[in-house]
Amino acid sequence: MSKRIDSASATRKPAGRRVLAASGFTLPALVAAVAFTLSATPALGDAQPGGNRHEGQYIFRFGTFGDQQLWTTVLRMHEVIPAAVSPATALAVGLKVDATVLPRNFLAKHDLNDPRTTVELLRRNAVVGVVGKVKGRRLTSVGITCALCHSTVDNSVAPGVGKRLDGWPNLDLNPGAIIALSPALPAEVKAVYNSWGPGRYDPRFNIDGINGPLVIPPAYGLAGVPFETVTGDGPISYWNNYVAVTQMGGHGNFSDPRLGIAIEQTPDLVTPKLPALLAYQLSLPAPRPPEGSVNAAAAQRGEVLFNGVARCGTCHIAPTYTDVQNGPDADTPLLHDAAETGMDAGYALRSASGKYRSTPLRALWQHPPYFHDGSAATLADVVGHYDTHFALGLTPEQKADLVEFLKSL
């Protein structure tokens, strides 16, 4: 269950020109300390606007939207990294290294327990999702990008080191532990961030003060899914905008009266980049299951069950395997009360919609655990949940066949 660290902090009220800050010293309070007093100019990592997927790839990988105002000016991560974050430490909290931009045998020739090696990796844009500006040997600024949470690597060189896999959720990443490294945070807030664990992030904690992290979702296979967020609050670019401004600390504009948020910053370094970012995200296909990992005959039987007695296909409609776009019009998602599917309503109640959308099923083999809160560790647990909730009476063999079909998607 979600836990509030301050009962007053979840009160929704209009925020005017500043983000609604939770009581205590949480991220909106940090953002508010600088976001409306700084006049940002494009810095390292601020990609120029555009509408094609090639520009979108650059934005996805290296675009910080001016969020150095948070990660450098407020959280002071440019001080933390040279002092305490060696490559070994970075890999331990799930950060990834893009080996394709490194000279041959770079890691073998450098001390992986020395933070100076991390600074050099940042100089070379080799830390996935982290952009650093280095002058001489000094790290002068740090920002983050979409790729921090929504890319990983293929581990072709070493665990955590290899070629980028854009759109894949980084389920090794411990964003809470990374944020908690900041010397700007008090102990009680650090404790909340440290409680999240790998692969989880709470995109509302800094808004309402409630602690209830979600599993980091994939950013591939989005084509044909107009409302990507778990609660269907808005289209994909709505969520990109929300995250860039309210979570990453980017220098831009975001407003949603339903959440009591109205942020205006000039210049807006976010909105002009959203079309290209969306184009790139829509180009990312869901990865196919590894060869030999699915029992084809069982999957065929499972597909019949999925669209038949198991009733999965009533909400998870092919080819996107969601019914979210089946609302009354193109701008209104079809959503479900938590009770309909036996979900914990806690996160939905913190959202703008108050409901959940049917998850678009894609590359399920790749990203356990399942459900928005990670409450199902395996696909067998997912099938078991619905078998119990809907009293389906599936046999063990039928459940196994359904799992094989889900693995094939």
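Above this text is the structure in question.
Residues numbered from 1 in each chain as written. Predicted model: local features only at pLDDT ≥ 70, side-chain atom pairs only at ≥ 80, totals over all residues. Heavy atoms only, no water.

Moving on, we come to the overall build of the protein. The number of helices and strands found in the protein is 17 helices and twelve strands. Out of the 409 residues in the protein, the part that is buried amounts to 54%. Taking contacts inside the protein between residues at least 6 apart in sequence as the whole, the part at least 24 apart equals 65%. Accessible area for the protein stands at about 17300 Å²; split by element, carbon and sulfur atoms hold 56% of it. (Helix = DSSP H or I, 4+ residues; strand = E, 2+ residues; numbered from the N terminus. Buried < 20%, exposed > 50% of the residue type's maximum accessible area, 1.4 Å probe, protein only. Contact = heavy atoms within 4.5 Å. Areas by Shrake-Rupley, 256 points an atom, 1.4 Å probe, with all protein chains shown as cover.)

Quick look at the pattern of salt bridges now. Across all of its chains, the model carries 17 salt bridges by this definition. One salt bridge connects arginine 204 with aspartate 233, and the closest N-O pair in it is separated by 2.5 Å. Of this pair, arginine 204 sits in the loop between strand S8 (200–201) and helix H11 (205–208) while aspartate 233 sits in the loop between strand S10 (214–215) and helix H12 (236–247); the two residues are 29 residues apart in sequence, bridging distant segments of the chain. Here the residues in one salt-bridge network are Glu120, Arg123 and Arg124, joined through shared partners. (Salt bridge = Lys/Arg side-chain N within 4 Å of Asp/Glu carboxyl O.)

Rolling a probe over the atoms, with the probe sized like a water molecule, indicates the empty space that remains. Following the criterion strictly, the structure yields two cavities of 30 Å³ or more and no others. Of the volumes computed, that of the largest cavity is approximately 200 Å³. Contributing to the lining of the largest cavity are 17 residues, with Met77, Ile81, Leu95, Val130 and Ile178 lying nearest its centre. When residues of the lining of the largest cavity are traced back to their parent elements, those giving at least two are helix H4 (77–84), helix H5 (87–92), helix H7 (115–123) and strand S4 (138–144). (1 Å grid on protein atoms, 1.4 Å probe; cavity = no way out; pocket = protein on both sides within 12 Å on 5 of 7 lines; lining within 4 Å. Points joined across faces, edges and corners; volume = space filled by probe spheres on them.)

Considered for burial, the residues of helix H16 (residues 379–389) that qualify are Leu379, Val382, Val383 and Asp387. Projected down its long axis, H16 shows its buried positions confined to an angular sector of 130°, all on one face. On the buried face of H16, the contacting elements are helix H17 (396–408). Looking one or two residues beyond H16, the residue adopting positive phi is alanine 391, at roughly 50°. (Arc of directions from axis to C-beta.)

Two faces, one strand: in a regular strand the side chains alternate between the faces of the sheet. Direction of pairing for strand S3 (residues 130–135) relative to S4: antiparallel, over a ladder of six bridges. By the bridge assignment for S4, valine 130 is matched with isoleucine 144. (Pairing = 2+ DSSP bridges.)

Following threonine 266, the chain continues to proline 267 via a peptide bond in cis, the omega torsion being 0°. Turning to its location among the elements, proline 267 is positioned in the loop between strand S12 (261–263) and helix H13 (274–282). Between alanine 318 and the following residue, proline 319, the backbone shows a cis peptide bond with an omega angle of 5°. Structurally, the position occupied by proline 319 is in the loop between helix H14 (296–306) and helix H15 (338–341). Phi is positive for arginine 76, close to 60°, though the residue is something other than glycine. Mapped onto the elements of the fold, arginine 76 is located in the loop between helix H3 (68–71) and H4. Classification of arginine 76 by relative accessible area gives partly exposed; the value is 32%. We note that asparagine 155 has phi near 60°; this positive angle belongs to a residue other than glycine.

Let's shift gears to the packing of H4 against H7. In contact at an axis separation of 6 Å, H4 and H7 are set at 130° when each is read in the N-to-C sense. Here H4 lies oblique to H7, going by the angle between them. Here H4 contributes Ile81, Pro82, Ala83 and Ala84 to the contact with H7, which in turn contributes Pro115, Thr118, Val119 and Leu122. Here the residues of the contact of H4 with H7 sort into seven nonpolar, one polar and no charged. (Axes fitted to C-alpha atoms, helices over the stretch in contact; angles between N-to-C directions. Parallel < 35°, antiparallel > 145°, perpendicular 65-115°, else oblique. Nonpolar A, V, L, I, M, F, W, Y, C, P; charged D, E, K, R; others polar.)

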